[in-house]
Amino acid sequence: MFVYAHRGASALAPENTLIAFRKAIDLGTKGIELDVQLSRDGVVMVMHDDTLDRTTNGKGRLEKFSLEELKKLDSGVWFNKSFCDEKIPTLEDVIKILPENIKLNIEFKPDKKNTVKIAQEVYKILEKYKNFNNIIISSFYHQSLLEYRKLDENIPMGMLFEYDIVNMFEYIKNTGINPVSINISSEYVDEKLVEEAHLNNLKVAVYTVNSYDIAMNLKKIGVDEIFSNYPDIIS
Ligand code: G3P
Ligand code: MG
């Protein structure tokens with residue numbers, strides 16, 4: 001079973017920061033998951049929440065700030081004082097430090113008014129770092145996936161779901177997104193769902209799994225991938 005370091009090694013370092021990604025790499029991770037959204041001036045920033053309050057010393061919505069303003073903030077101290085040098089990274093900052101063989105799962109945060117813009121900006125970055133080609137795009141906001149699909153018909157995509165929706169596999173087919181996986185919360189996965197996904201040629205990726213026992217159970221029922229704050233959870 002493949003393990004993504006969820007927001008980096010986010011149990012050990014502040015989530016979605018370069019140090020969290022470096023730690024995951026040091027622990028031998030083969031995959032990294034991160035979240036992206038746009039700054040006011042259209043730069044692809046790596047952060048989970050749409051507000052700065054929880055993971056930085058700033059306040060307010062990230063989209064209201066420019067890259068220059070965002071780079072002045074601290075994004076480590078909230079986790080532990082020893083991480084006081086951390087800044088919010090851009091997607092490009094992260095790609096620059098990742099070994100080329102790492103599988104990178106880029107999760108687009110829902111943003112209706114920037115759906116086209118963020119797709120274009122991420123596409124530009126991925127075109128620039130063409131050697132870095134082990135990428136998967138994912139989102140709960142399927143409009144975002146559809147928009148990106150217009151730019152790249154081949155890139156693998158994961159469709160995120162909070163739970164198992166009615167007629168899930170019909171819905172997926174009808175979107176035209178053509179994902180490689182369903183990415184779903186651990187509470188809503190069982191053997192039947194995994195079987196059905198596999199029959200539909202879809203992998204099952206499960207978030208967020210921080211317990212060894214749960215990870216092993218998911219492995220037993222055939223889950224293909226998990227997202228964990230402990231990248232070495234089952235190694
Ligand atoms: O992509 C898996 C997982 O990261 C989805 O939830 O809220 O942690 O981004 P969230
Ligand atoms: Mg995420």
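By convention here, each chain's residues receive numbers from 1 onward along its written sequence. For this description, chains carry letters from A and ligands carry numbers from 1, given in the order in which they are written. This being a predicted model, a pLDDT of at least 70 is required before a residue's local features are given, and a value of 80 or more before pairs of side-chain atoms are given or counted; all residues contribute to the totals for chains, interfaces and linings. Note that the side-chain values use all heavy atoms of the structure and ignore hydrogens as well as water.

**A closer look at the packing of helix α4 (residues 115-128) against helix α5 (residues 142-151)**
What counts is decided by this rule: Angles here are taken between N-to-C directions and fall from 0 to 180 degrees, while the axes themselves are lines fitted to C-alpha atoms, restricted in helices to the stretch in contact. Helix and strand assignments come from DSSP, with helices taken as H or I runs of at least 4 residues and strands as E runs of at least 2, each series counted from the N terminus. Here the angle decides the label: under 35 degrees means roughly parallel, over 145 means roughly antiparallel, 65 to 115 means roughly perpendicular, and every other value means oblique. Handedness of each helix crossing follows the sense of rotation of the near helix against the far helix: counterclockwise by less than a right angle gives left-handed, clockwise gives right-handed. Two residues qualify as a contact provided that any one of their heavy atoms is within 4.5 Å of a heavy atom in the partner residue. Put simply, Ala, Val, Leu, Ile, Met, Phe, Trp, Tyr, Cys and Pro go in the nonpolar bin, Asp, Glu, Lys and Arg in the charged bin, and everything else, Gly too, in the polar bin.
Remark: α4 packs on α5, axes separated minimally by 9 Å, with the N-to-C direction vectors making an angle of 45°. In terms of axis orientation, α4 runs oblique to α5. Here α4 runs over α5; the crossing is right-handed. Residue-level inspection shows T115, V116, A119, Q120, V122, Y123 and L126 of α4 in contact with α5, the latter providing Q143, S144, E147, Y148 and L151. Each residue belonging to the contact of α4 with α5 can be placed in one class, and the counts come to 7 nonpolar, 4 polar and 1 charged.

**Side note on the pairing of strand β9 (residues 225-228)**
As a reminder, the rule being used: Only protein chains enter the calculation, and the probe is 1.4 Å; a residue is then buried if its accessible area is under 20% of its type maximum, exposed if over 50%, and partly exposed in between. A pair of strands is treated as paired once DSSP finds two or more bridges between them. Handedness of a crossover is defined as follows: with both strands directed away from the viewer, a clockwise route from the first strand across the helix to the second makes it right-handed.
Burial along β9 is two-sided: E225 and F227 facing one way and I226 and S228 facing the other are all buried. Across 2 bridges, the pairing between strand β8 (residues 203-207) and β9 is parallel. When the sheet's bridge partners are listed, V206 is paired in β9 with I226. As for the winding sense of the linkage, the β-α-β connection from β8 through helix α8 (residues 212-220) to β9 is right-handed.

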